[in-house]
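Now for the letters of each chain:
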Amino acid sequence: MWHYHNPVRIMFGTGSFNALADLIGGRRYALITYPDPPFEKLVAELMAKTGAPALMIDDIAPNPDYKLLEEQCARFTGSASNPD
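Keep in mind that this is a model prediction, so the values were computed, not measured.

Calculation rules
- Residues numbered from 1 in each chain as written.
- Predicted model: local features only at pLDDT ≥ 70, side-chain atom pairs only at ≥ 80, totals over all residues.
- Heavy atoms only, no water.
- Helix = DSSP H or I, 4+ residues; strand = E, 2+ residues; numbered from the N terminus.
- Buried < 20%, exposed > 50% of the residue type's maximum accessible area, 1.4 Å probe, protein only.
- Contact = heavy atoms within 4.5 Å.
- pLDDT = per-residue confidence, 0-100.

> Explain the overall build of the protein residue by residue, including any values.
Scanning the protein from N- to C-terminus turns up three helices and two strands. Reading the helices (α) and strands (β) of the protein from amino to carboxyl end gives α-β-α-β-α. Residue burial in the protein is summarised as follows: out of 84 residues, 18% are buried. Within the protein, counting contacts between residues at least 6 apart in sequence, those at least 24 apart form 61% of the total.

> An account of the confidence of the model for the protein is needed here, citing residue identities and associated values.
For the protein, the mean per-residue pLDDT works out to 86, and 100% of the residues sit at or above 70. For the protein, helix 3 (residues 66-77) is the element with the lowest average pLDDT, namely 82, and helix 2 (residues 37-50) is the one with the highest, namely 93.

Structure, rendered in structure tokens:
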């Protein structure tokens, strides 16, 4: 079982990335990203500040169809790590 709550607070702009570590604040977080070099650098920087995520999905395809999204979502339900 998983839950989704909306509305979601979205932050963007200068300095937004640097605020992530404080927002995560020691919680067990999930990290979803693309398998491209610019994102790999950001992942390494975030993990250096916050530690490893409880669940990391780093193989998201650009413009995934519903079947791919279904497979990715199943990784949350099949995870024993239970991100906050």
